Amino acid sequence: METLLKKELGTSKLKPIGHAGGGCISEGRSYETDHGMVFVKINHKSQARLMFDGEEASLKAILETETVKVPKPVKVFDLKNGGAVFAMEHLDMRSLNRFSAQLGEQLADLHLHNQRQKEKEEQTVGKAGQKTVDKFGFHTTTCCGYLPQANDWQSDWVAFYSQQRLQHQISMVMKTYGDREVDELWSQLQLKIPQLFSEIEVFPALLHGDLWGGNVAECADGPVTFDPASFYGHSEFELGIAGMFGGFGSSFYSAYHSKIPKAPGFEKRQQLYQLFHYLNHWNHFGGGYKGSSLRIMRNLVK
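Cut-offs and rules
- Residues numbered from 1 in each chain as written.
- Predicted model: local features only at pLDDT ≥ 70, side-chain atom pairs only at ≥ 80, totals over all residues.
- Heavy atoms only, no water.
- UniProt positions renumbered as here; feature names shortened; annotations may be inferred.
- Helix = DSSP H or I, 4+ residues; strand = E, 2+ residues; numbered from the N terminus.
- Expected span 1.5 Å × (residues − 1).
- Buried < 20%, exposed > 50% of the residue type's maximum accessible area, 1.4 Å probe, protein only.
- Contact = heavy atoms within 4.5 Å.
- Domains from an automatic or database assignment.
- Buried area = accessible area lost by both parts, 1.4 Å probe.
- Salt bridge = Lys/Arg side-chain N within 4 Å of Asp/Glu carboxyl O.
- Polar contact = N/O pair within 3.5 Å; in protein donor to acceptor, adjacent residues only side chain to side chain.
- Nonpolar A, V, L, I, M, F, W, Y, C, P; charged D, E, K, R; others polar.
- Phe/Tyr/Trp six-rings, centres within 6.5 Å; stacked < 30°, edge-to-face > 60°.
- Lys NZ or Arg CZ within 6 Å of the ring centre and 35° of its normal.
- Axes fitted to C-alpha atoms, helices over the stretch in contact; angles between N-to-C directions.
- Parallel < 35°, antiparallel > 145°, perpendicular 65-115°, else oblique.
- Left-handed = near helix turned anticlockwise from the far one by under 90°.

Looking at an unreviewed UniProt entry, one finds the chain named protein-ribulosamine 3-kinase, with Scleropages formosus as its source organism. Database annotation for the chain, UniProt heading Sequence similarities (unreviewed entry): "Belongs to the fructosamine kinase family."

Undergrad: Describe helix 2 (residues 48-65), and please don't skip the residues or the numbers.
TA: Its 18 residues give helix 2 an end-to-end C-alpha distance of 26 Å, which sits within 8% of 26 Å, the value for a rise of 1.5 Å per residue. Every buried residue of helix 2 is accounted for by Ala48, Met51, Phe52, Gly54, Glu55, Glu56, Ala57, Ser58, Leu59, Ala61, Ile62 and Thr65. The elements touched by buried residues of helix 2 are strand 3 (36-43), strand 4 (73-78), strand 5 (84-89), helix 3 (100-123), strand 6 (143-144) and strand 8 (205-207). Directly after helix 2, the chain includes Glu66, whose backbone phi takes a positive value near 55 degrees.

Undergrad: Go over helix 8 (residues 266-285), please, and point to the residues and values.
TA: It helps to recall that an α-helix has 3.6 residues per turn; residues three or four apart then point in one direction. Over its 20 residues, helix 8 runs 28 Å from end to end, which matches the ideal 28 Å to within 8%, given 1.5 Å per residue. Burial analysis of helix 8 places 16 of its 20 residues in the buried class, the great majority of the element. Where helix 8 terminates, the next one or two residues include Gly286, which has phi positive at roughly 100 degrees.

Undergrad: Please set out the domain arrangement of the chain residue by residue, giving values where relevant.
TA: With domains assigned, the chain is organised as domain 1 (1-89) and domain 2 (94-124 + 131-301). Placing the centre of domain 1 and that of domain 2 at their C-alpha centroids yields a distance of 25 Å. Between domain 1 and domain 2, the residue contacts involve 21 residues of the former and 27 residues of the latter. Of the roughly 1900 Å² buried at the junction of domain 1 and domain 2 (both faces included), carbon and sulfur atoms supply 72%. The three residues of domain 1 that bury the most area against domain 2 are Thr67, Val68 and Lys69, which together make up 27% of that side's buried surface. Our enumeration of links across domain 1 and domain 2 arrives at two salt bridges. With a shortest N-O distance of 3.4 Å, Asp221 and Lys69 are connected by a salt bridge. Here domain 1 and domain 2 share four residue pairs in polar contact (both at pLDDT 80 or more) between them. When residues in the side of domain 1 that touches domain 2 are grouped by element, the largest group, 11 residues, is from helix 2. Of the residues belonging to the side of domain 1 that touches domain 2, the class tally is 11 nonpolar, five polar and five charged.

Undergrad: Hey, could you go over the packing of aromatic side chains for me, with residue numbers and the actual values?
TA: The geometry of an aromatic ring pair is captured by two quantities: the separation of the ring centres and the angle between the planes. Overall, the coordinates contain 21 aromatic pairs when judged by the stated rule. With a centroid separation of 5.6 Å and 20 degrees between ring planes, the pair formed by Trp157 and Phe160 is classed as stacked. In this pair, Trp157 and Phe160 are both assigned in helix 4 (residues 157-177), three residues apart and thus about one turn of the helix distant. Phe160 carries the same exposure label as Trp157, and that label is buried. Counting every residue linked through ring pairs, the aromatic cluster contains Phe136, Trp157, Phe160, Tyr161, Phe197, Phe231, Phe237, Tyr273 and Phe276. The positively charged end of Lys45 is found above the aromatic ring belonging to Tyr146, 4.3 Å away from the centroid. For Arg165, the ring lying beneath its charged end belongs to Phe231, and the centroid distance is 4.2 Å.

Undergrad: I'd like a description of the packing of helix 5 (residues 180-192) against helix 9 (residues 290-301), backed by residues and values.
TA: Taken N-terminus to C-terminus, the directions of helix 5 and helix 9 make an angle of 40 degrees; their axes are 9 Å apart at the nearest point. When the interaxial angle is binned, helix 5 and helix 9 end up oblique. By crossing handedness, the relation of helix 5 to helix 9 is classed as left-handed. Of the residues in helix 9, those in contact with Glu181, Val182, Leu185, Trp186, Gln188, Leu189 and Lys192 of helix 5 are Leu294, Met297, Arg298, Leu300 and Val301.

Undergrad: Can you lay out the packing of helix 4 against helix 5 for me, pointing to particular residues and giving the numbers?
TA: Interaxial distance between helix 4 and helix 5 falls to 11 Å at its minimum, and their mutual angle equals 165 degrees. By the angle between their axes, helix 4 is roughly antiparallel relative to helix 5. Seen from above, helix 4 lies across helix 5 with left-handed handedness. Between helix 4, through Ser162, Leu166, Gln167, Ile170, Val173 and Met174, and helix 5, the contact on the second element is made entirely by Val182, Asp183, Trp186 and Gln190. Across the contact of helix 4 with helix 5, the residue classes break down as six nonpolar, three polar and one charged.

Spelled out as structure tokens, the structure:
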């Protein structure tokens, strides 16, 4: 591994720093190199390259907005016996605390970036610049956890979310568990989803895509997010998983909603967006998330 890392990173120096660590999906470690500190993620799964390519594309897209801080990607490359490696900028991080409100502001700026680009385009017709994205999806596959997301572009958010997020997850649940109640509830819920959007208009926002408490932190100069699974979607989707596992204080939400106020029906749509993550956890980690998935589906079809 050391030889491969030196070759791919173009360094003669490769000194491990601290302890090797791991999340639910990949192992990680920081190294000193000829070019400074890097953080290296390793995953031995067959789809690791797809996952890391999507993460790299997500980081690049977020970096282009110059809103919320993320690690700068360095390189994705394959392991010789299967799996892949993702090297990125090392950041000295600690738990989110002082900069919770700032993260809320910056996340709102990320979500508003595409809309602001559209406003700039309308004011400066004919001038080159960043193009507005007017559909929902992403230019490449991204993975929430290690499961690929269907990011094909669609012009309608309700259709995109129903088909390419919920249906995609439910199909996996049915294939693995054959759960009859999920199937019955889904047939009812599909008819109800459009009603939850009858009072609002959704404009595509660039999302982090997996913004739970374990994917945020802070550096000395402000907040940082990492492990994104980006796509262009409804800004409210981002807050679904944020509210499921804690880690975000009231100052985060106050700062966020000062820039993007809650729209009519927000609470009900939060349940709809949490459903995706409960289903995704069910598909990742097993039946411990079945009860939560069914509970939300029952609530939504009432």
